[in-house]
Amino acid sequence: MTDVIVSDLEGTLTAGESWKGVARYLKTHGRAAQYRWFFLKHLPEALLAKGRLIDVQRFKDRWQVDMSRLFSGFTVDELSRMGEWVVEHELWPQRRRAVLAEIAALGAAGHRLVLASGTYQPVLEAFARRTGAEALGTLLEVADGLATGRLTGWVNVGRAKAERLTGWLAERSASIRAAYGDTAADLPMLALSAYPVAVCPDARLAREAARLGWRVLTDDRPAR
């Protein structure tokens, strides 16, 4: 049985937010008008989510689905370049060094490293390459070498992430030794682990971690 170390990305390994990086990429790479229209269309709902007047996670999931339409026509290489740009300019500069060092040490000890996140797959792969990990992210549909503007499957968060991860583990006769996450959406994934770790957790995850006796990391400042 292979031991796997699994980690969420945003909020856990970095304080950066991929949607911000993707937005900056689109605005500086020829799709500013399309992004501006997308943003204005979604602004009223974004304000409701910010005020906790609607379900925040559902809003984030819809944002992911709708934002993927802005990649329509991108080649696979363009998607990869977008992913590298977002990591270089948004996610890596705000990485959480202590958590990354801990995970790297586990990898060096022979454990297989996996990043499981709702982040788009090209972005997650770019971050994973810097950490020696594999990537299970939200998949962008590609047909005949071009992005269709749709997703393949669900946004990879919550129970969808845990179910996908469970299938991935079963195919490889693997089990999760330790898992790292930062929000309540990570609870299904963390529950699969022998040693769950809550990193700078939101209020609900902090309560659950305290109730269940999980380890909590609260003071890992991002790199600047």
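The next thing to look at is the overall build of the chain. Along the chain, the regular secondary structure elements total 9 helices and 7 strands. Relative to a compact globule of 224 residues, whose C-alpha radius of gyration would be 17 Å, the chain shows 17 Å and is just as compact. Dimensions of the chain, computed from C-alpha atoms along their principal axes, come out at roughly 50 × 40 × 35 Å. Counting all 224 residues of the chain, 47% fall into the buried class. When contacts within the chain are restricted to residue pairs at least 6 apart in sequence, long-range pairs at least 24 apart make up 64% of them. Accessible surface computed for the chain: about 11,200 Å², of which carbon and sulfur atoms make up 53%. When the 31 basic and 26 acidic side-chain charges of the chain are each reduced to a single mean position, those positions are 4 Å apart.

A few words on the environment of Ala109. In this fold, Ala109 is placed in the loop between helix H5 (97-108) and strand S2 (112-120). With 16 residues separating them along the chain, Ala109 and Pro93 place their C-alpha atoms 26 Å apart.

This part takes up unusual backbone geometry. The phi angle at Asp144 is positive, at roughly 55°, despite the residue not being glycine. Structurally, Asp144 can be placed in the loop between strand S3 (134-143) and strand S4 (146-152). For Cys200, which is not glycine, the phi dihedral falls at a positive 40°.

This paragraph deals with the packing of aromatic side chains. In this structure the tally under the stated criterion is 10 aromatic pairs. These aromatic residues form a ring-pair network of at least three members: Trp19, Tyr35, Phe38, Phe39, Phe59 and Trp63.

Remember that side chains alternate between the two faces of the sheet whenever the strand is regular. Across the 5 residues that make up strand S6 (residues 195-199), a large majority, 4, are buried. Of the pairings in the sheet, the one linking strand S5 (residues 174-181) to S6 comprises 4 bridges and is parallel in character. Bridge pairing in S6 links Ala178 to Tyr195. A crossover connection joins S6 to the parallel strand S7 (residues 215-217) through helix H9 (residues 203-212); in handedness this β-α-β unit is right-handed.

All right, on to the side chain of Glu90 then. You can see Glu90 is positioned in helix H4 (residues 76-91). Glu90 sits in the buried class, given a relative accessible area of 7%. Within the structure, Glu90 has its side chain in polar contact with the side chain of Gln94 (distance 3.3 Å). The residues touching Glu90, leaving out its near neighbours within four places in the chain, are Gly16, Glu17, Lys20, Gly21, Arg24 and Trp85.

Tallied over the full model, the rule gives 13 salt bridges. The salt bridge involving Arg62 is made with Glu45; its shortest N-O contact spans 2.2 Å. A residue pair is termed long-range when its members are at least 10 positions apart, and Arg62 in helix H3 (residues 56-67) and Glu45 in helix H2 (residues 32-50) qualify at 17 residues. Arg62 sits in the partly exposed class, given a relative accessible area of 36%. For Glu45, a relative accessible area of 23% translates into the label partly exposed. Between Glu171 and Arg172 there is a salt bridge, with its nearest N and O atoms 3.3 Å apart.

What follows deals with the nonpolar core. A general feature of soluble globular proteins is that nonpolar side chains tend to end up buried together. Grouped together as the largest cluster of nonpolar side chains are 47 residues, with contacts concentrated most on Met67, Phe71 and Phe127. With 6 residues, the single largest contributor to this core is H4. Every residue in contact with Phe127, bar those within four places of it in the chain, is listed here: Leu9, Leu13, Thr14, Val87, Leu91, Trp92, Leu100 and Leu115. In terms of nonpolar packing, the next biggest core, distinct from the first, is built from 19 residues, Val6, Leu136, Ala179 and Trp214 among them.

Attention shifts here to helix H7 (residues 158-171). In an α-helix, one full turn covers 3.6 residues, which means residues spaced three or four apart are oriented alike. The terminal C-alpha atoms of H7, which comprises 14 residues, lie 20 Å apart, in line with the 20 Å expected from a rise of 1.5 Å per residue. Of the surrounding secondary structure, the elements contacted by the buried residues of H7 are strand S1 (2-7), S2, S3, S5 and helix H8 (187-190). Ser173 sits one or two positions beyond H7 and adopts a positive phi of about 50°.

Definitions and limits used
- In every chain, residue numbers begin from 1 and rise along the written sequence.
- With the structure being a predicted model, the display of local features is reserved for residues of pLDDT at least 70 and the display and counting of side-chain atom pairs for 80 or more, all residues being used for whole-chain, interface and lining totals.
- Side-chain measures were taken over the full set of non-hydrogen atoms in the model, leaving aside hydrogen atoms and water.
- Helix and strand assignments come from DSSP, with helices taken as H or I runs of at least 4 residues and strands as E runs of at least 2, each series counted from the N terminus.
- Throughout, radius of gyration means the C-alpha value; the globule benchmark is 2.2 Å times the number of residues raised to the power 0.38.
- Three exposure classes are used, based on accessible area relative to the maximum for each residue type with a 1.4 Å probe and protein chains only: buried under 20%, partly exposed in between, and exposed over 50%.
- The contact rule is simple, with two residues in contact once any of their heavy atoms fall within 4.5 Å.
- Per-residue and other accessible areas follow the Shrake-Rupley method at a 1.4 Å probe size, with only the shown protein chains counted as cover for residues.
- Counting rule applied: Lys, Arg positive; Asp, Glu negative; His and chain ends not counted.
- A charged residue contributes its charge at one atom only: NZ of Lys, CZ of Arg, CG of Asp or CD of Glu.
- Classification of ring pairs rests on two measures: the distance between centres of Phe, Tyr or Trp rings, Trp counted by its six-membered ring, which must be within 6.5 Å, and the angle between planes, read as stacked under 30 degrees, edge-to-face over 60 and tilted in between.
- The pairing criterion is simple: DSSP has to find at least two bridges between the two strands.
- Throughout, right-handed denotes a crossover for which the path from the first strand over the helix to the second runs clockwise when the strands point away from the viewer.
- Under this definition, polar contacts are N or O atom pairs within 3.5 Å; protein pairs additionally need one hydrogen-donor-capable and one acceptor-capable atom, and for neighbouring residues in sequence, both atoms have to be side-chain atoms.
- Salt bridges are counted wherever a side-chain nitrogen of Lys or Arg sits within 4 Å of a carboxyl oxygen of Asp or Glu.
- Joining through side-chain atoms within 4.5 Å is the link that ties buried Ala, Val, Leu, Ile, Met, Phe, Trp, Tyr and Cys residues into a set, and such a set is a nonpolar core.
- How far a helix is expected to stretch is found by multiplying one less than its residue total by 1.5 Å.

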